[in-house]
Amino acid sequence: ESALIIGKGNQENIAYTNNAYLIQRLAMATYKAQLPDKITALKEALTLLDKLDLGHTNDSETVSLAGAIEKKLYEEGQGNEHLSHAILYFQRGYYLLNNRYNAINLAFTLNCRANSSLCATKEEQIADMIYANYTRKRVLDLCDKDWEDIIKGEGKESTLTTAAEQEAQRAFNNDQKFWIQINRAEAHFGLGNFEAYKSSR
């Protein structure tokens, strides 16, 4: 926030006041802090992201963050419009990045919509459930690919210059493995593959 305030004082550097990285970090810090309360913080974080042309931007970090905030607002009982927005942001993030995070959240929010008043017909409910399951199958493919990439890279830490760099790489790999297993378990659970879900935890 201080960096953005300083930038506003420099009329010659307009781009600095709209620095996407700074605004994204501030939005995340705002909603994580939950001050003065959770709902207010989430809404303030969305207002910050609006400065980045939220309705049209193809910045993957911006839309992924917006999806997470809208999903939390929906879960806090703030209305189905937040669910609709979350789906749109997660869809955009998924198409941009083809990654597990946006895909698994997209699948979850599609199921939420299928069980809400946003689906006016049985056909709409079925369409959302089919799309959600298709997306979860894609998550499983991405989990396998990401896991394979990590395994291929393991053992190459010795090529890094310092012991600290080697340890940081090992920690990063372990963190990625943890989230791959989480996403794999979530996908199997959503697909009703409960034995596979148990073995993925």
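In this report, the structure presented in the accompanying data block is examined.

Conventions we followed
- Residues numbered from 1 in each chain as written.
- Predicted model: local features only at pLDDT ≥ 70, side-chain atom pairs only at ≥ 80, totals over all residues.
- Heavy atoms only, no water.
- Helix = DSSP H or I, 4+ residues; strand = E, 2+ residues; numbered from the N terminus.
- Contact = heavy atoms within 4.5 Å.
- Areas by Shrake-Rupley, 256 points an atom, 1.4 Å probe, with all protein chains shown as cover.
- Lys, Arg positive; Asp, Glu negative; His and termini not counted.
- Charge placed at Lys NZ, Arg CZ, Asp CG, Glu CD.
- Phe/Tyr/Trp six-rings, centres within 6.5 Å; stacked < 30°, edge-to-face > 60°.
- Lys NZ or Arg CZ within 6 Å of the ring centre and 35° of its normal.
- Buried < 20%, exposed > 50% of the residue type's maximum accessible area, 1.4 Å probe, protein only.
- Polar contact = N/O pair within 3.5 Å; in protein donor to acceptor, adjacent residues only side chain to side chain.
- Axes fitted to C-alpha atoms, helices over the stretch in contact; angles between N-to-C directions.
- Parallel < 35°, antiparallel > 145°, perpendicular 65-115°, else oblique.
- Left-handed = near helix turned anticlockwise from the far one by under 90°.
- Nonpolar A, V, L, I, M, F, W, Y, C, P; charged D, E, K, R; others polar.
- Salt bridge = Lys/Arg side-chain N within 4 Å of Asp/Glu carboxyl O.

**Focus: the overall build of the chain**
A tally of regular secondary structure across the chain gives ten helices and zero strands. When the helices and strands of the chain are placed in sequence order, the string is α-α-α-α-α-α-α-α-α-α. If you line up the chain on its principal axes, its C-alpha atoms span 60 × 55 × 30 Å. Contacts in the chain between residues far apart in sequence, at least 24 positions, make up 55% of those at least 6 positions apart. A total accessible area of about 11500 Å² is found for the chain, and carbon and sulfur atoms account for 54% of it. Distance between charge centroids for the chain: 4 Å, based on 23 positive and 27 negative side chains.

**Examining the packing of aromatic side chains**
Counted according to the given criterion, the structure contains five aromatic pairs. Through a chain of ring-to-ring contacts, the aromatic side chains of Phe189, Phe194 and Tyr197 assemble into a single cluster. Positioned over the ring face of Trp147 is Arg184, at 5.7 Å from the centre of the ring.

**A short note on the environment of Ser116**
Note on placement: Ser116 falls in the loop between helix 7 (100-114) and helix 8 (122-153). Taking the relative accessible area as the measure of exposure, Ser116 reaches 12% and is therefore buried. It is 24 Å that separates the C-alpha atoms of Ser116 and Arg100, two residues lying 16 residues apart in sequence. Beyond its immediate sequence surroundings of up to four residues, Ser116 is in contact with Asn80 and Leu83. A distance of 3.1 Å separates a polar atom in the side chain of Ser116 from the backbone nitrogen of Leu118.

**Considerations on the packing of helix 4 (residues 38-49) against helix 5 (residues 60-75)**
Orientation of helix 4 relative to helix 5, taken along the N-to-C sense of each, is 155 degrees, at an axis distance of 10 Å. Our classification of the angle between helix 4 and helix 5 gives roughly antiparallel. The handedness of the crossing between helix 4 and helix 5 is left-handed. Where helix 4 abuts helix 5, its residues Ile39, Leu42, Lys43, Ala45, Leu46 and Leu49 lie against Thr62, Leu65, Ala66, Ile69, Glu70, Lys72 and Leu73. Here the residues of the contact of helix 4 with helix 5 sort into nine nonpolar, one polar and three charged.

**Here we look at the side chain of Gln91**
Here Gln91 shows up in helix 6 (residues 80-97). Look past the residues within four positions of Gln91 in its chain and what remains in contact with it is Leu106 and Tyr131.

**Let's talk about the pattern of salt bridges**
Under the definition given, this model contains eleven salt bridges. A salt bridge links Glu75 to Lys71, with the shortest nitrogen-to-oxygen separation between them at 3.5 Å. Of the two residues, Glu75 and Lys71 both sit in helix 5, four residues apart, roughly one turn of that helix. Residue classification places Lys71 among the buried positions, given a relative accessible area of 18%. A salt bridge links Lys177 to Glu154, with the shortest nitrogen-to-oxygen separation between them at 2.7 Å.

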